[in-house]
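Reading the structure
Take a look at the letters that make up each chain.
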Amino acid sequence: MFKNILCAVDGSDHSLRAAKAAAELAAQFNAKLTILAVTKQIKLSTEIRRYMEMEHLSGEPQYVLDDYTEQVIEGALEAADHDGVSNIKTVVKEGPPARTIVKYADRHDIDTIVLGSRGLGDIESALLGSVSHKVASLSKCTVVTVR
Ligand SMILES: Nc1ncnc2c1ncn2[C@@H]1O[C@H](COP(=O)(O)OP(=O)(O)OP(=O)(O)O)[C@@H](O)[C@H]1O
Ligand SMILES: [Mg+2]
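As annotated in an unreviewed UniProt entry, the protein chain carries the name Nucleotide-binding universal stress UspA family protein and comes from Limibacillus halophilus. Entered under Sequence similarities (unreviewed entry) in the UniProt record, the comment concerning the protein chain runs "Belongs to the universal stress protein A family."

Looking only at helices and strands, the protein chain has five helices and five strands in total. Counting helices and strands in the order they occur from the N terminus, the protein chain gives β-α-β-α-α-β-α-β-α-β. Its C-alpha atoms give the protein chain a radius of gyration of 16 Å, near enough to 15 Å, the size a compact globule of 147 residues would have. When its C-alpha atoms are laid out on the principal axes, the protein chain stretches across 45 × 40 × 30 Å.

Taken together, 21 residues form the shell around ligand 1, and within it Ala8, Arg118, Gly121, Ser130 and Val131 come nearest. In the environment of ligand 1, an oxygen atom lies 2.7 Å from a nitrogen or oxygen atom belonging to the side chain of Arg118. Contact between ligand 1 and Ser132: an oxygen atom at 3.1 Å from a main-chain N or O atom of the residue. Burial of ligand 1 by the protein amounts to 87% of the accessible area it has alone, namely 620 Å². Within the shell around ligand 1, the residues separate by chemical class into 10 nonpolar, nine polar and two charged.

Let us look at helix 3 (residues 67–81). For helix 3, which comprises 15 residues, the first-to-last C-alpha distance of 21 Å matches the rise-based estimate of 21 Å (1.5 Å per residue) to within 8%. Within the sequence span of helix 3, burial applies to Thr69, Val72, Ile73, Ala76, Ala79 and Ala80. The buried side chains of helix 3 occupy one side of the element, clustering within an arc of 125° when seen end-on. Away from its buried face by more than 90 degrees, helix 3 exposes Asp67, Gln71, Glu78 and Asp81.

What follows covers a negative patch on the surface. Judged by side-chain charge, Asp66, Asp67, Glu70, Glu74, Glu78 and Asp81 come together as a negatively charged surface patch. If you trace the backbone, Asp66 turns up in the loop between helix 2 (46–54) and helix 3.

Along the polypeptide, Arg99 turns up in helix 4 (residues 97–107). Between the alpha carbons of Arg99 and Leu138 there is a distance of 7.9 Å; along the sequence they are 39 residues apart.

In the structure shown here, the tally under the stated rule is one aromatic pair. Relative to Phe29, the ring of Phe2 has its centre 4.8 Å away and its plane inclined at 45°; by these criteria the two rings are tilted. Of this pair, Phe2 sits in the segment before strand 1 (4–8) while Phe29 sits in helix 1 (residues 13–29); the two residues are 27 residues apart in sequence, bridging distant segments of the chain.

As a further point, take helix 4. Among the residues of helix 4, Ala98, Thr100, Ile101, Val102, Tyr104 and Ala105 are the ones counted as buried. Against strand 1, strand 2 (32–39), strand 3 (88–94), strand 4 (112–116) and helix 5 (130–138) lie the buried residues of helix 4. Phi for Asp109, located one or two positions after helix 4, is positive at around 60°.

Conventions and cut-offs
Residues numbered from 1 in each chain as written. Chains lettered and ligands numbered in written order. Predicted model: local features only at pLDDT ≥ 70, side-chain atom pairs only at ≥ 80, totals over all residues. Heavy atoms only, no water. UniProt positions renumbered as here; feature names shortened; annotations may be inferred. Helix = DSSP H or I, 4+ residues; strand = E, 2+ residues; numbered from the N terminus. Rg over C-alpha atoms; globule rule 2.2 N^0.38 Å. Near = heavy atom within 4 Å. Polar contact = N/O pair within 3.5 Å; in protein donor to acceptor, adjacent residues only side chain to side chain. Areas by Shrake-Rupley, 256 points an atom, 1.4 Å probe, with all protein chains shown as cover. Nonpolar A, V, L, I, M, F, W, Y, C, P; charged D, E, K, R; others polar. Expected span 1.5 Å × (residues − 1). Buried < 20%, exposed > 50% of the residue type's maximum accessible area, 1.4 Å probe, protein only. Arc of directions from axis to C-beta. Patch = residues over 30% accessible without salt bridge, like charges linked within 9 Å, V, L, I, M, F, W, Y side chains within 5 Å. Salt bridge = Lys/Arg side-chain N within 4 Å of Asp/Glu carboxyl O. Lys, Arg positive; Asp, Glu negative; His and termini not counted. Charge placed at Lys NZ, Arg CZ, Asp CG, Glu CD. Phe/Tyr/Trp six-rings, centres within 6.5 Å; stacked < 30°, edge-to-face > 60°. Contact = heavy atoms within 4.5 Å.

See the structure below:
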């Protein structure tokens, strides 16, 4: 436990707190830390896909890495930075957030997922957002929900 930690971030204050907590855990347990942001799925036309293939732009969706996502990752890295974790990896994936987070964890031998209890959504009364809820339900590994 606490050897390979995944922190999912959406740019919300909650997720920054999650990044901070994930970094503290990683520092304490000398764990690997991966910071993951999931972006919206972008439907591309056949022409654009073909062009990207020709230009070898397919594969990881770095090419859809927009300014906002870049800021989200930067913010999380900053929040995590102070704890002196040396082994931090950042990843951007596209797809439905909860399933994409759980799938990434499954495929990369993650033992602990850290996320915020809430995110960017604006249903103020809810204590738990739908992504946190779904990840906790679908994930086989430990999930830490940061308040
Ligand atoms: N697109 C995403 N990529 C990575 N992590 C995410 C993403 N969306 C949410 N999360 C993670 O899940 C946590 C909870 O966010 P969630 O989306 O469940 O709450 P919400 O936005 O308040 O509610 P909802 O989205 O259901 O309206 C965030 O703090 C973040 O850690
Ligand atoms: Mg949300």
